[in-house]
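# Coordinates in review
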Amino acid sequence: DASMLEQYLVALTPAAKQAKAELPFAPDTEVAELAIRINVKNTMRSILEVSEPLRKQWESGDLIIEGGIYDITTGKVEFIGGPQNVGILEPTERPNSSAESNSCCRCY
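What comes next concerns the included structure. (Residues numbered from 1 in each chain as written. Predicted model: local features only at pLDDT ≥ 70, side-chain atom pairs only at ≥ 80, totals over all residues. Heavy atoms only, no water.)

### Here's the deal with the overall build of the chain
On a plain count of helices and strands, the chain comes out with three helices and two strands. Counting from the amino terminus, helix and strand elements in the chain follow one another as α-α-α-β-β. Counting over 108 residues, the chain shows a buried share of 23%. Considering only intrachain contacts with a sequence separation of at least 6, the fraction spanning at least 24 residues in the chain is 43%. (Helix = DSSP H or I, 4+ residues; strand = E, 2+ residues; numbered from the N terminus. Buried < 20%, exposed > 50% of the residue type's maximum accessible area, 1.4 Å probe, protein only. Contact = heavy atoms within 4.5 Å.)

### With respect to the side chain of asparagine 39
The topology assignment puts asparagine 39 in helix 2 (residues 28-50). When residues no more than four places from it in sequence are discounted, the contact partners of asparagine 39 are Tyr8, Leu12 and Ala15.

### Things to note about the pairing of strand 2 (residues 77-81)
On a regular strand, each side chain points to the face opposite its neighbour's, so the side chains alternate between the two faces of the sheet. Here strand 1 (residues 67-70) pairs with strand 2 via four bridges, running antiparallel. Residue pairing for strand 2: tyrosine 70 is matched across the bridge by valine 77. Between strand 1 and strand 2, which pair antiparallel one after the other, the connecting turn spans six residues, and glycine 75 there sits at a positive phi close to 80°. (Pairing = 2+ DSSP bridges.)

### Structural notes on a nonpolar patch on the surface
A cluster of nonpolar side chains, contributed by Leu5, Tyr8 and Leu9, occupies part of the molecular surface with about 330 Å² of accessible area. Locating leucine 5 in the fold gives a position in helix 1 (residues 4-22). (Patch = residues over 30% accessible without salt bridge, like charges linked within 9 Å, V, L, I, M, F, W, Y side chains within 5 Å. Areas by Shrake-Rupley, 256 points an atom, 1.4 Å probe, with all protein chains shown as cover. Salt bridge = Lys/Arg side-chain N within 4 Å of Asp/Glu carboxyl O.)

### A look at the pattern of salt bridges
Evaluated as defined, the whole model comprises two salt bridges. A salt bridge links arginine 37 to glutamate 78; the nearest nitrogen and oxygen atoms lie 2.6 Å apart. Taken together, the residues span a long stretch of sequence, with arginine 37 in helix 2 and glutamate 78 in strand 2 at a distance of 41 residues. Judged by relative accessible area, which is 30%, arginine 37 ranks as partly exposed. Overall, the relative accessible area of 38% leaves glutamate 78 in the partly exposed class. Notably, a salt bridge pairs glutamate 52 with lysine 56, separated by 2.9 Å at the nearest N-O pair. Placement of the pair is glutamate 52 and lysine 56 together in helix 3 (residues 52-60), with a separation of four residues, close to one helical turn. With a relative accessible area of 41%, glutamate 52 lands in the partly exposed category.

Geometry only, nothing functional implied.
Okay, here's the thing in structure tokens:
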């Protein structure tokens, strides 16, 4: 049986491969940073693809999905936007979407 960590690392493989393909000559740290961003985007996409109840709430504007990257060295979270802000879905694919309607508090 694969451990939970092993399963998680296997799930990161597509993001890591995509990042390396996009930055073939970059240092590993830059590739890793891009892979993290890609993984967050993929996770938001997956949430909307596999959960009809969440997708419907998001489409109606009753739910906000916000991607975040936690920096373990600083303890800060960088919010990278929701699905419509990171190229997962076009804003026209989501009713009631606008920068104003998607604003919310940010906790650091």
